[in-house]
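Tertiary structure, described
The chain contents come next:
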Amino acid sequence: MGVPVGTNVPDDDIYNTKFLDLCKGLNLDKNAASRAWETYLAVKENYSLDGDPSHWLACAIYVACRNVTEHTVGDSETLIEGNLVSLTRLLRLCNISLIHFIGKSKKWADMINMPPELRRKIDKLEKNFAVSMVIFKKFQPIFGAMFNISKDEQTKTRCSKKQKVTCSASKLFEFCWTLFIVAKSEFPDLSENLVNSYHLLLACCDYVYTNILIADLRDLLNKSFGGLPHDFESTSYVSPSKPVCVIDYLCQQYDGITTDAKVIKEYFWKTNLKKLIEKKVLKGDPDLNLLLDVVNFDFNYKAINKRYEQYVLSVGEFDERIFLSENANIEIGASNECTTEDLAKEMKNQKNNLFNPQTPLTGRNHLKPKIDLSDESTPVKNASEMVFKIQSILADCSPYPSDKLITLLKSCSTTLKSEIEDLINMLGSKFCSQYCQVDHNSALHNDFAEKRLIMAKIWFYKLFENIIAKEAKNPKYDIKNLICHTIFHETLFACCLEMVIFACNSQRAFPWVLNALQIHPYHFYKVIEVIVRVEDKLPRDMIKHLNRVEEQVLDSLSWQSESPLWDLINRNNKLIPHYDDIALVSVGGGAQVSHLNHKIENNRFAHKDSPVSDRFISPAPGQPNIKVGKQVTVNENRQYFSVSSRSNGVSLPTVTGPIKKIGTLGLFFRKFYNLASVRMQDLCYQLSINDEDLMRKIWTCFEHVIIEHTDMMRDRHLDQILMCTIYIICRVVNLNLSFQAIMKCYRTQPQSASHIYRSVLITPRNPSQENDGAQRDTEQRIDLIKFYNTIFVQIVRDNALKYSTNSNNDNLTLSPLPATKTQLQSPTTRRVNDRLPIFIRKLEAQASPIKSPIRPLSYCINQSPKKDLENINMITMRAITKKRNISDGHHDGPITKQKTPSPPVITKRLQGLLEERMEHNTDK
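Residues numbered from 1 in each chain as written. Predicted model: local features only at pLDDT ≥ 70, side-chain atom pairs only at ≥ 80, totals over all residues. Heavy atoms only, no water.

1. Quick notes on the overall build of the protein chain
What the protein chain contains, in helices and strands, is 36 helices and six strands. In the protein chain, buried positions account for 51% of the 924 residues. In the protein chain, the proportion of contacts linking residues at least 24 apart, taken out of those at least 6 apart, comes to 73%. Entry remark: accessible area of the protein chain is about 46,200 Å², with carbon and sulfur atoms responsible for 49%. (Helix = DSSP H or I, 4+ residues; strand = E, 2+ residues; numbered from the N terminus. Buried < 20%, exposed > 50% of the residue type's maximum accessible area, 1.4 Å probe, protein only. Contact = heavy atoms within 4.5 Å. Areas by Shrake-Rupley, 256 points an atom, 1.4 Å probe, with all protein chains shown as cover.)

The structure is reproduced here in structure tokens:
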């Protein structure tokens, strides 16, 4: 895709030599063919379509077919998507791999301004493919461990449809995979869920293994498989007549979660298999066995393939049997040197790694070093370990208040405990109700919902107690302000549910939980930092996820028309603070910043000394403290719990006074400005804008837009305003910088998405309209450049011209740049690794936080001699080596792998080494 230019290939030649052949090969109907060709011509007229025209024709045909949904003849309930065109056949005829097709289809979507519904279908196709690739990679070693694959089975021979299929190892491999993808196709929720799909695979392997035992096909079993019956090798062995379950063994050996796998087996696998046998699609007995019996295998092998072919044609998805093909590497798009086992590694080369999202810009200083860097780390293993870590955090806790928490609640009110429990039960009922609406299999989803809900309740009461205990340590804080606040409980419980759902790899992406519980995202940001601060055992990926969620709330969700933020701004007389008014540290000069660095050094989040209750009920910056008086409705559209003062005479603190006393507005804008600053400075760095004065002009103009034209953010995105601000300031200072260059750099940021610069609102929503469909119909959206030309520049031009190089405005005052986390921490000492006492710091920073009875070794760049660095390197090498010691000598036998010493042992050795080095330096 490029600039609008013409092409050298005549349209008639493409139509006659390529397009007509494709239509005939796909048996494409006239309407779909006409739509595809017209779209192709329209795009070709405006863009340069590089490469093989067949590849772009594939995109046009695919979109034309997926854009139509029809009912089958004689069955008004069954829908057909994809116009009965096989995606796999389309790709083969166009000679394009699946990975390349997905990439081109995304470009095609941008060029034709594809509707969101179709974009979601392409995203789902990519996600399904990524999940299937990872699952197939896991399937191969599992099948090889359970069944006997002889070398002569490696060569696959094609047999005709009339030829009888016998149950060999290779045919069993194909049957098992096809049976799995047929079961997965019956439940759309599973297609994008890596963990549930993997557990379905384990249920499939367990079922096939059981049928092999019952059919007494012992030659197909691997004699070394650990799940075999204990008397399998004995001469008195008799094949079982009832199913044998090896789910526990498979989960233990291959990173599964036993309880979830058994739930999947009971509700998904057995339900689907029973339906297939009852409809006589497959042959088996009422107990769901004998599928692999000698009499039934030929019929079942052909029937399950026919069933899947019908599904692929009816929905237009890619054929997942492609992994079984000898040409899998070519058809999928892997390199020629890559084997089928390593196809999952190809996804790591894609721009968007679906299973390991990038760390948000604001969270890169919050994470501890990643420990597991081995090649054994896989998406399935990571997902399973996430659940195990959460279970270890919640071990020995119950989904009810502890005795300590009950005593604390009773000290506030005798009814407070029951009121909190009623609130949590009400939210839990909403969650289960919405969770079970996604799929028709309500029994299964209800079971999953109950399990997720119990984990969330346990986590809620654990966090609640820890937060209150931490608040109570400071005698200045009145914990009743927090205990009695409804929004605190709602957002805390919602965040617990969000963490559980994320850990379980659910496709219910944020903000699904908030929509289910009817909580607006604006309130959600208040509790995220509190949870990360209190729960110090959260996994890295969980912290990254919460960081992404907080950024999403700050950059767009809080600015929706129905957000409580607008009401708070109005109550504050539309006065928006400057960053300088609410900053935690002074950003005016380098000396002040350097002086305050020690206060936030090594802190995951700054400003830990303020009470948590301030996030929910504190007044705005510059407003007097809240007075306690007659109970009224809180400004944020929530009420306190009704607390009486029977037992201890404590009355409920509430809000009185003028309406302008709003809460949490200063905290919100402090976080918002910090996020904007980090993203702006990252863009400036990538655009080679190093002039601090120019960056201050950009920041001052951005602050002006937010403060004076706040409505510019309504139903829009922070990044849209940032990119427009950078461009307009660069224009007025005569810096040659194109909007395309800004968007190119923006696409490298972790949170970037094409819809942000391709779909910008120009006509605001009408809040009075209750019909969402009517609202969408009245909305008008354009791309970011058109938005800049028609709206942004008209409003901001006068202010931007003040920063022009030709301007004579000597009284112009520029806002100071906010100090980002990196800037604040750079003058202080930073530890290189958690396992080594090695630190780096700027030379001008005099204070050192290292407390040691001996003088530490140091090396100053361009000043210290080479031997000082060699000494430090020697300590490093000795501390982190995992090989045997040199003094152990050589051994003829195998080298045993030594365990890494525990931290105390390493510390003791390092102290000895440091003392030796100090004595050596002193003698000199």
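2. Focus: a nonpolar patch on the surface
Judged by side-chain polarity, Y859, I861 and L869 come together as a nonpolar surface patch covering roughly 280 Å² of accessible area. Inspection of the secondary structure puts I861 in the loop between β6 (836-840) and α35 (866-880). (Patch = residues over 30% accessible without salt bridge, like charges linked within 9 Å, V, L, I, M, F, W, Y side chains within 5 Å. Salt bridge = Lys/Arg side-chain N within 4 Å of Asp/Glu carboxyl O.)

3. Some thoughts on the state of the cysteines
Under the defined criterion, the tally for this structure stands at zero disulfides. C94 takes part in no disulfide bond, and the closest cysteine sulfur, belonging to C59, lies 8.7 Å away. The closest cysteine sulfur to the non-disulfide-bonded C412 is located on C484, 5.3 Å from its own sulfur. (Disulfide = S-S within 2.5 Å.)

4. Regarding helix α3 (residues 53-66)
Here α3 spans 20 Å end to end across 14 residues, near enough to the 20 Å set by a 1.5 Å rise per residue. The buried count for α3 comes to 14 of 14 residues, which makes it a mostly enclosed element. The backbone nitrogen of S54 lies 3.0 Å from a side-chain oxygen of the residue at the head of α3, namely D52. (Expected span 1.5 Å × (residues − 1). Polar contact = N/O pair within 3.5 Å; in protein donor to acceptor, adjacent residues only side chain to side chain.)

5. Thoughts on the packing of aromatic side chains
On inspection of all chains with the given rule, the structure shows 56 aromatic pairs. Judged by centre distance (5.7 Å) and plane angle (75°), the ring pair of F739 and Y788 falls under edge-to-face. Taken together, the positions of F739 in helix α30 (residues 739-746) and Y788 in helix α33 (residues 784-801) put the pair 49 residues apart, joining distant regions of the chain. Summarising the burial analysis for this pair, F739 and Y788 share the class buried. Ring pairing ties together the aromatic residues Y522, Y525, W559, W566, Y579, F668, F669, F672, Y673, W699 and F702, which thus form one cluster. The aromatic ring of Y435 is capped on one face by R508, whose charged end is 3.7 Å from the ring centroid. Taking the ring centre of W512 as reference, the NZ or CZ of R508 above it sits at 5.7 Å. (Phe/Tyr/Trp six-rings, centres within 6.5 Å; stacked < 30°, edge-to-face > 60°. Lys NZ or Arg CZ within 6 Å of the ring centre and 35° of its normal.)

6. So, helix α21 (residues 521-534)
Helix geometry: α21 is bent most strongly at V527, by close to 25°. Among the 14 residues that make up α21, 14 are buried, leaving the element largely enclosed by the rest of the structure. (Bend = angle between axes of the 7 residues up to and from the residue.)

7. A word on unusual backbone geometry
With an omega of 10°, the peptide bond between F510 and P511 qualifies as cis. Here P511 shows up in the loop between α19 (486-503) and α20 (512-517). In the Ramachandran plot, D216 falls in the positive-phi region, its phi being about 55° despite a non-glycine side chain. Residue placement: D216 occurs in the loop between α9 (194-214) and α10 (247-253).

8. Notes on the nonpolar core
One finds F669 and Y673 to be the most contacted residues of the largest nonpolar core, which totals 254 residues. Residue contacts for Y673: discarding those within four places in its chain leaves I576, P577, H578, Y579, I582, W699, F702, E703, I706 and I707. (Core = buried A, V, L, I, M, F, W, Y, C linked by side-chain atoms within 4.5 Å.)

9. Considerations on the environment of T362
Mapping T362 onto the fold places it in the loop between α13 (328-332) and α14 (379-393). The exposure class assigned to T362 is buried, which follows from its relative accessible area of 10%. Remark: the alpha-carbon pair of T362 and A676, spanning 314 residues in sequence, is separated by 9.7 Å. Every residue in contact with T362, bar those within four places of it in the chain, is listed here: N547, E551, N674, L675 and V678.

10. Section: the environment of D478
Tracing the backbone through its elements, the reader meets D478 in the loop between α17 (442-472) and α18 (480-483). When its relative accessible area of 37% is taken as the criterion, D478 is described as partly exposed. Remark: the alpha-carbon pair of D478 and P611, spanning 133 residues in sequence, is separated by 8.7 Å.

11. Here we look at the pattern of salt bridges
Tallied over the entire structure, the rule returns 29 salt bridges. Between D110 and R758 there is a salt bridge; the shortest N-O distance is 3.4 Å. With a gap of 648 residues between them, D110 in helix α5 (residues 98-111) and R758 in helix α31 (residues 754-758) connect regions that are remote in the sequence. We classify D110 as buried; its relative accessible area is 15%.

12. A few points about the packing of helix α29 (residues 718-732) against α33
Relative placement of two packed helices is described by the angle separating their axes and the distance separating the axes. Where α29 contacts α33, the axes come no closer than 10 Å and their chain directions differ by 55°. By the angle between their axes, α29 is oblique relative to α33. In this structure, α29 crosses over α33, and the sense of that crossing is right-handed. Across the interface between the two elements, Q720, I721, M723, C724, T725, Y727, I728, I729 and V732 of α29 pack against L784, F787, Y788, F792, V793, V796, R797, A800 and L801 of α33. Classifying every residue of the contact of α29 with α33 by side-chain character gives 15 nonpolar, two polar and one charged. (Axes fitted to C-alpha atoms, helices over the stretch in contact; angles between N-to-C directions. Parallel < 35°, antiparallel > 145°, perpendicular 65-115°, else oblique. Left-handed = near helix turned anticlockwise from the far one by under 90°. Nonpolar A, V, L, I, M, F, W, Y, C, P; charged D, E, K, R; others polar.)

13. Section: the packing of helix α6 (residues 116-146) against α9
Put simply, α6 and α9 touch, their axes get as near as 10 Å, and they point 30° apart. By the criterion of interaxial angle, the relationship of α6 to α9 is roughly parallel. Viewed along their axes, α6 and α9 form a crossing whose handedness is right-handed. Residue-level contacts link V131, V134, I135, K138, F139, I142 and M146 of α6 to L194, S197, Y198, L201, L202, C205 and Y209 of α9. Taken together, the residues of the contact of α6 with α9 sort by class into 12 nonpolar, one polar and one charged.

14. Considerations on the confidence of the model for the protein chain
Across the protein chain, the average pLDDT comes to 76, with 71% of residues at 70 or higher. No element of the protein chain has a lower mean pLDDT than helix α25 (residues 590-600), at 32, and none a higher one than α29, at 95. Confidence drops under pLDDT 50 across residues 71-78; counting only partners more than four residues distant or on other chains, this segment forms seven contacts. Every residue in residues 586-608 is under pLDDT 50, and counting partners more than four places away or in other chains gives 42 contacts. (pLDDT = per-residue confidence, 0-100.)

15. Some words on the environment of N734
Following the sequence through the fold, N734 ends up in the loop between α29 and α30. Along the backbone, N734 and N806 are 72 residues apart, and their C-alpha atoms lie at a distance of 9.7 Å.

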